[in-house]
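# Remarks on the overall topology
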Amino acid sequence: MVKRFALISGLVAILITPLIWAQSPTQSHPFETLRGLERFNKSSTLSMHNNTEMEKTLLAIKGVKIGDNVLQQAIQLAEQGGQLGRIRGGTRSDKIKLSFYQPYEDSRLEQKVELYFDKHNGFIQQVTATYFLQDAYLSIVPIREQSLSAAVKKFGSPMTMQQAYDFSGQQNGEIDFDKFINGLQQSTQLHPLALAYLNKRNISRSSKWVKGEQDYALMHSGFDRCYLWHTNTFKQILTFCFFDKTSANPNSRGVELDLHDFPISQQITELGNPHNKPDIAL
């Protein structure tokens, strides 16, 4: 009887431990002692000069927005079943990876979610989600089509070819990226980081917009093929990218969603390093 009571007591303790954890907001999480994340406080929030900028942050990947607390969001992804990947130790770390797995045909599909954050304050500057097949010889095309459909359902239609024409001032045909960027600068106030981002995408003279699925504008940039969502005159950009079928192995690249919010990224940069020693003026 004593042994049975001890066994039941042990099982009860095991079962109620998660409940105690869930009900105790002050309880520390294992991620808080993880080298590379331990210097951050999961309750820290980004204080914006203009709160309306935070309200305009409409795009999110797996519930994560730019400007979120990296520690808090890493815990949230872990609670969704994400498996923590390797994170560099010390104060140099600026990326954390969590993976979600599911069976796919005779292989396995991995959704890798990467949170890029500033290493001084711990706020997220970029979110990237990539779908990989364990077997790179299986076609990624069905995954690409399903992922694009899911993105359109969640975020609405990406930029259309007609919108690209309107921005560039061109009326038909393919649109050179140079012409698109120049037209965009004339038609709207581009954030400097948005301009830098688009210029970085413009990697060669052959970079251009062409007509993709359902009249969506498809970006050609090297081997990259991307659809693009934007809000508030390109202050936020979300891309859905995949490799061109003529590249060495487009299946091994997978398909990728990449999220940027330029005003909030700028605000994070301006926070600087709170641990810097002040300069001595002589």
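Residues numbered from 1 in each chain as written. Predicted model: local features only at pLDDT ≥ 70, side-chain atom pairs only at ≥ 80, totals over all residues. Heavy atoms only, no water.

### Some details on the packing of helix H6 (residues 177-187) against helix H7 (residues 192-201)
The geometry of H6 relative to H7 is characterised by a closest axis approach of 10 Å and an angle of 170° between their N-to-C directions. Between H6 and H7, the angle falls in the class roughly antiparallel. Pair H6 / H7 crosses with right-handed handedness. Residues Phe 177, Ile 181, Leu 184 and Gln 185 of H6 form the contact with H7, whose participating residues are Leu 195, Leu 198, Asn 199 and Arg 201. (Axes fitted to C-alpha atoms, helices over the stretch in contact; angles between N-to-C directions. Helix = DSSP H or I, 4+ residues; strand = E, 2+ residues; numbered from the N terminus. Parallel < 35°, antiparallel > 145°, perpendicular 65-115°, else oblique. Left-handed = near helix turned anticlockwise from the far one by under 90°. Contact = heavy atoms within 4.5 Å.)

### Some details on the pattern of salt bridges
Counted under the stated rule, the structure contains eight salt bridges. It is possible to trace a salt-bridge network through shared partners that takes in Arg 201, Asp 224, Arg 253 and Glu 256. (Salt bridge = Lys/Arg side-chain N within 4 Å of Asp/Glu carboxyl O.)

### Focus on the packing of aromatic side chains
For the coordinates displayed, the defined rule picks out 13 aromatic pairs. Each ring, one from Phe 167 and one from Phe 180, has its centre 6.3 Å from the other, and the planes form 90°; the classification is edge-to-face. With a gap of 13 residues between them, Phe 167 in helix H5 (residues 161-168) and Phe 180 in helix H6 connect regions that are remote in the sequence. Each of the two residues, Phe 167 as well as Phe 180, counts as buried. (Phe/Tyr/Trp six-rings, centres within 6.5 Å; stacked < 30°, edge-to-face > 60°. Buried < 20%, exposed > 50% of the residue type's maximum accessible area, 1.4 Å probe, protein only.)

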